[in-house]
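Observations on chain architecture
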Amino acid sequence: MPVFQIHHITQYQYDRPVKESVSQIRIFPLATPAQHIRQFELLITSDPVVATYADYFGNTVGDFTVLHPHQSLTIDSRLTVETIEKKTATPEDDITIADLRKHIDTDISMLRLSDPERIAAQESINDIVQSITNPVQHVRHMAWACSEYIYRHFKYEKGITSVETTVDEILEHRRGVCQDFAHVLLQMLRTLGIPARYVSGYICPNKSGMRGEGATHAWVEFYTPGDGWVGIDPTNNVWVNGYHVVLATGRDFNDCSPVKGTFKGIARQSLSVFVSVGYE
């Protein structure tokens, strides 16, 4: 059972003083059967009171305000987490789409997570999933086929997309990073009628040298009655198992954004993020 130490710093700099910074953070690691939180420490500029609560998806959310004028804001979290590796990373549930629908048709939350986003290029998504899957396949085989398609046909390239990049734009240039590939996979799985959710967290170093390791990361979980929520990482085309640390889950990135907020002032803002991940 590996133990990781993760240091995550988010820093905002302003070219002139601002005030009343109101921020919302989702950087509290989830306690799950697959990860045990040994220690968590959070330091914020001016040491404001952080009001925490659970959102609709069960994530811990923190709200805080820095009222006085300031030209920088730093959010510094330090985490020690123990993860549990499954004996086999491959899901074992052999359920089909027809079987799955019997289980989710009366579950509003699952139906919501099965509803694809309305995009201009939906016909393109339809063509892709029809070419790589068939209705009698097991759900896990469909999920793997979709992840593999993204891994083979989309180029991992930093700096060309942002958190506001749409699925249509990603499909057009077929390049991006983990959050882009997660959004495309969500669209594919939901088009097939498979409940799927976005996951934010970290990917920790291992001997495989995966893309995005030692940094914040995004992947997808899909649902089956037998296996529950199963993680799959389209950026690396792997089942999630022991080296992914979960911070938050939701319908898409907007539900899982690590930090977001507003401030009063006319200053220009710059953002820098530092993440260090290592073994204890």
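Residues numbered from 1 in each chain as written. Predicted model: local features only at pLDDT ≥ 70, side-chain atom pairs only at ≥ 80, totals over all residues. Heavy atoms only, no water.

1. Some points on helix 4 (residues 139-153)
With 15 residues, helix 4 extends 21 Å between its outermost C-alpha atoms, agreeing within 8% with the 21 Å of an ideal straight helix rising 1.5 Å per residue. For helix 4, the complete set of buried residues consists of Val139, Arg140, Met142, Ala143, Ala145, Cys146, Ser147, Tyr149 and Ile150. Of the surrounding elements, those touching the buried residues of helix 4 are helix 1 (97-104), helix 3 (122-132), helix 6 (178-191), strand 9 (215-224), strand 10 (228-233) and strand 11 (238-239). (Helix = DSSP H or I, 4+ residues; strand = E, 2+ residues; numbered from the N terminus. Expected span 1.5 Å × (residues − 1). Buried < 20%, exposed > 50% of the residue type's maximum accessible area, 1.4 Å probe, protein only. Contact = heavy atoms within 4.5 Å.)

2. Quick word on the side chain of Gln35
Position of Gln35 among the secondary structure elements: in strand 2 (residues 35-44). Here Gln35 falls in the buried class, since its relative accessible area comes to 3%. Separated by 2.9 Å, the side chain of Gln35 and the backbone nitrogen of Val246 make a polar contact. Discounting chain neighbours no more than four positions away, the residues touching Gln35 are Pro29, Leu30, Val81, Glu82, Thr83, His244, Val245 and Val246. (Polar contact = N/O pair within 3.5 Å; in protein donor to acceptor, adjacent residues only side chain to side chain.)

3. What to know about the environment of Val273
If you trace the backbone, Val273 turns up in strand 14 (residues 269-279). In sequence terms Val273 and Tyr12 are 261 residues apart; their C-alpha atoms lie 8.9 Å from each other. Once residues lying within four places of it in the same chain are set aside, the contact partners of Val273 are His8, Ile9 and Thr10.

4. Let's talk about the layout of surface pockets
The computed volume of the largest pocket comes to approximately 970 Å³. Taken together, 37 residues form the lining of the largest pocket, with Val163, Gln179, Thr216, Phe253 and Val273 sitting closest to its centre. Elements that contribute at least two residues to the lining of the largest pocket include exactly strand 1 (3-25), helix 6, strand 8 (196-203), strand 9, strand 13 (259-264) and strand 14. Examining the composition of the lining of the largest pocket, we find that seven residues originate from one element, strand 1, more than from any other. In terms of lining, the second largest pocket is formed by 26 residues, of which the most central are Ala34, Lys86, Glu221, Trp229 and Val240. Secondary structure elements with two or more residues in the lining of the second largest pocket: strand 10 and strand 12 (244-250). (1 Å grid on protein atoms, 1.4 Å probe; cavity = no way out; pocket = protein on both sides within 12 Å on 5 of 7 lines; lining within 4 Å. Points joined across faces, edges and corners; volume = space filled by probe spheres on them.)

5. Details of the packing of aromatic side chains
Under the definition given, this model contains ten aromatic pairs. Both rings, one in Tyr56 and one in Phe57, keep their centres 5.0 Å apart while their planes meet at 90 degrees; by these two values the pair is edge-to-face. Overall, Phe57 belongs to the partly exposed group, its relative accessible area being 22%. Considering the side-chain rings of Phe222 and Trp239, the 6.1 Å spacing of their centres and the 55 degrees angle between planes classify their relative orientation as tilted. On the criterion of sequence distance, the pair formed by Phe222 in strand 9 and Trp239 in strand 11 is long-range, its members being 17 residues apart. (Phe/Tyr/Trp six-rings, centres within 6.5 Å; stacked < 30°, edge-to-face > 60°.)

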